[in-house]
There are 2 protein chains.
Amino acid sequence: MTAPSDARARGTRLPRVRRRRQLLAAAQEVFVARGYHAAAMDEIADRAGVSKPVLYQHFPGKLELYLALLEEHSEVLVEKQREALESTDDNRQRVIASFRAYFDFVAGDGEAFRLVFESDLRNLPAVREKSEETFQRCAELIGAVIRQDTSISDEEAHLLSIGLVGMAETSARYWLNNHGSVPKDAAEQLVARLAWRGISGWDLQRAAGEQD
Amino acid sequence: MTAPSDARARGTRLPRVRRRRQLLAAAQEVFVARGYHAAAMDEIADRAGVSKPVLYQHFPGKLELYLALLEEHSEVLVEKQREALESTDDNRQRVIASFRAYFDFVAGDGEAFRLVFESDLRNLPAVREKSEETFQRCAELIGAVIRQDTSISDEEAHLLSIGLVGMAETSARYWLNNHGSVPKDAAEQLVARLAWRGISGWDLQRAAGEQD
DNA sequence: CCCTCATCTTACTCCGGCGTAGGTTCCCCC
DNA sequence: GGGGGAACCTACGCCGGAGTAAGATGAGGG
């Protein structure tokens, strides 16, 4: 499926930085396809058309290689999220843009989102912290918007943001796994509407007595 | 933390079924604390106050042991969810009960929820399928209720359900990791309100022209 | 009292996979 | 054109952990 990049002629020499980039790409493919534990350094080297020691001349170990990728893609997600929220002043549009950002992230870059959302190494503190930090940063961006327009407490706003981010992540992943059943635009809009209905006018309802 | 069950006197013999139950309990503790990969069969046996071959007289291998636990707790979650939705005919109360079920599940039984929600073995097809099946079954229960009261299409209702389940799971997990910041009741109610606002009266809005 | 069978133990084998020692080839610059 | 250094290779050490033989122990029936 999707012709695996360049298992190059196993004979071409490359300048250091170029090789490093290629190794990262190869590692991403393997980590995404197999997960951390089932990924073998041999396979990563093979896929890059190179032998194992070369890999170790660029990265001190398997873990560091993995962390480099995790770091990179976590940053991408947060950045996409920030851009989405800064793209407009209309909160309804913000919600839509925010969800689109999640769907874009999940749809993009060789399924790299699996490193961030589905890592099989979350039991390692370093990885757990990075994952949670990414999650929290996304939630915090959204929480700031919520707080801006409601009188809700900080902690409650944060919990709501967490829920919304979870909804975005989950529905985006589900949508990807079931491509074809719903087009991307429609899925984004649908879930965004659910979220927007949920938060818009929060204060008004509360003041009115918390009914229906 | 919470005195680790019974690392028994390592000398007491037990009838077969009793031993089996105890082994499952020990395995759960270790799998939950360490994840599948970092969990050692030696440690599981130790924790049960028994030697490794005994473990293999009850379960053919590490994987089967793990699957037995996964299966068991997946079933618990779905059952809790079903009960919650059957507990009332008022949809607003249904939403609240449904979220409470998630929070209860996450709060209960030695954090066994980590096996279902945070397995580090999802790259194995058998595990992936079980996890997704559980998720889908929860979503389907909710989807049925949504379809009952709206004219929304089946596929769209399902996607919304997925989003809601993701929100429940995510917020429940977050709440557990940050105990003390918000009491359980308040957290449940808050997130449930978000969800209820999101879905209630969906058709009315749609008919009115999809504004705000 | 002793035989039998189920329960349990010690002490291994085996294998996959990370990481490395030591030697080789090719390019570039003087 | 040859010396030097960077890029690369083959081949191995080694360790953790799953799973397994082969023997010890204790409880109940004859």
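Residues numbered from 1 in each chain as written. Chains lettered and ligands numbered in written order. Predicted model: local features only at pLDDT ≥ 70, side-chain atom pairs only at ≥ 80, totals over all residues. Heavy atoms only, no water.

Novice: Help me understand the protein's contact with DNA strand C in this model?
Specialist: What surrounds DNA strand C is a group of 21 residues, the closest being Arg13, Lys52 and Lys62 of chain A together with Arg19 and Ser51 of chain B. A distance of 2.6 Å is found between a base oxygen of DNA strand C and a side-chain nitrogen or oxygen belonging to Arg13 of chain A. Between DNA strand C and Lys62 of chain A, the relevant distance is 2.9 Å, taken from a phosphate oxygen to a main-chain nitrogen or oxygen of the residue. Counting residues per element, the ones that place at least two in the surface near DNA strand C are helix H2 (41–47) and helix H3 (52–58) of chain A together with helix H1 (16–38) and helix H3 (52–58) of chain B. Considered class by class, the residues forming the surface near DNA strand C number nine nonpolar, four polar and eight charged. (Near = heavy atom within 4 Å. Polar contact = N/O pair within 3.5 Å; in protein donor to acceptor, adjacent residues only side chain to side chain. Helix = DSSP H or I, 4+ residues; strand = E, 2+ residues; numbered from the N terminus. Nonpolar A, V, L, I, M, F, W, Y, C, P; charged D, E, K, R; others polar.)

Novice: How should I be thinking about unusual backbone geometry in this particular structure?
Specialist: Across the chain, the bulk of peptide bonds are trans and the bulk of non-glycine residues have phi less than zero. Residue and element names in this part refer to chain A. Positive phi, normally seen in glycine, also occurs at Asp109, with a value near 50°. Turning to its location among the elements, Asp109 is positioned in the loop between helix H5 (91–107) and helix H6 (113–117). Backbone geometry places Glu111, a non-glycine residue, at a positive phi of 60°. Here Glu111 lies in the loop between H5 and H6.

Novice: In this structure, what is going on with the domain arrangement of chain A? I would like to understand it.
Specialist: Residues and elements named next belong to chain A. You can read the domains of chain A as domain 1 (16–59) and domain 2 (70–199). With centres defined by C-alpha atoms, the gap from domain 1 to domain 2 works out at 29 Å. Domain 1 puts six residues into the contact, and the matching count from domain 2 is nine residues. Roughly 630 Å² of surface becomes buried between domain 1 and domain 2 when both sides are summed, with 60% attributable to carbon and sulfur atoms. For domain 1, the biggest contributors to the area lost against domain 2 are Gln28, Val32 and Tyr36; these three give 71% of the whole. At the boundary of domain 1 with domain 2, the tally comes to zero salt bridges. Along the lines of polarity and charge, the residues of the side of domain 1 that touches domain 2 split into three nonpolar, three polar and no charged. (Domains from an automatic or database assignment. Contact = heavy atoms within 4.5 Å. Buried area = accessible area lost by both parts, 1.4 Å probe. Salt bridge = Lys/Arg side-chain N within 4 Å of Asp/Glu carboxyl O.)

Novice: I keep staring at the relation of the copies chain B and chain A and nothing clicks. Help me out?
Specialist: Both copies of the chain are related through a single rotation about an axis accompanied by a shift along the same axis. Overlaying chain B on chain A yields an RMSD of 0.0 Å, the required transformation being a rotation through 180° with an accompanying axial translation of 0.0 Å. Taken together, the rotation and translation describe the operation of a two-fold axis. A shared interface surface links the copies, since 100% of the contact residues of chain B are contact residues in chain A too. (Least-squares fit on C-alpha atoms with pLDDT ≥ 70 in both.)

Novice: Honestly, the UniProt feature "domain: HTH tetR-type" (unreviewed entry) in chain A in this entry has me stumped. Any pointers?
Specialist: As recorded in UniProt, the sites labelled "domain: HTH tetR-type" (unreviewed entry) are residues 17–77 of chain A. For residues 17–77 of chain A, the helix share is 85%, the strand share is 0%, and the end-to-end C-alpha distance is 24 Å. (UniProt positions renumbered as here; feature names shortened; annotations may be inferred.)

Novice: Just to check I follow, could you spell out the layout of surface pockets for this structure?
Specialist: Remark: the empty space left among the atoms is shown by a probe the size of a water molecule rolled over them. Considered as a void within the structure, the largest pocket measures approximately 930 Å³ in volume. What lines the largest pocket is a set of 41 residues, and nearest its centre among them are Arg122, Glu169 and Arg173 of chain A together with Glu169 and Arg173 of chain B. Residue assignment for the lining of the largest pocket shows that the elements contributing at least two residues are H6, helix H7 (125–149) and helix H8 (154–177) of chain A together with helix H6 (113–117), helix H7 (125–149) and helix H8 (154–177) of chain B. Of the residues that constitute the lining of the largest pocket, the class distribution is 15 nonpolar, 14 polar and twelve charged. (1 Å grid on protein atoms, 1.4 Å probe; cavity = no way out; pocket = protein on both sides within 12 Å on 5 of 7 lines; lining within 4 Å. Points joined across faces, edges and corners; volume = space filled by probe spheres on them.)

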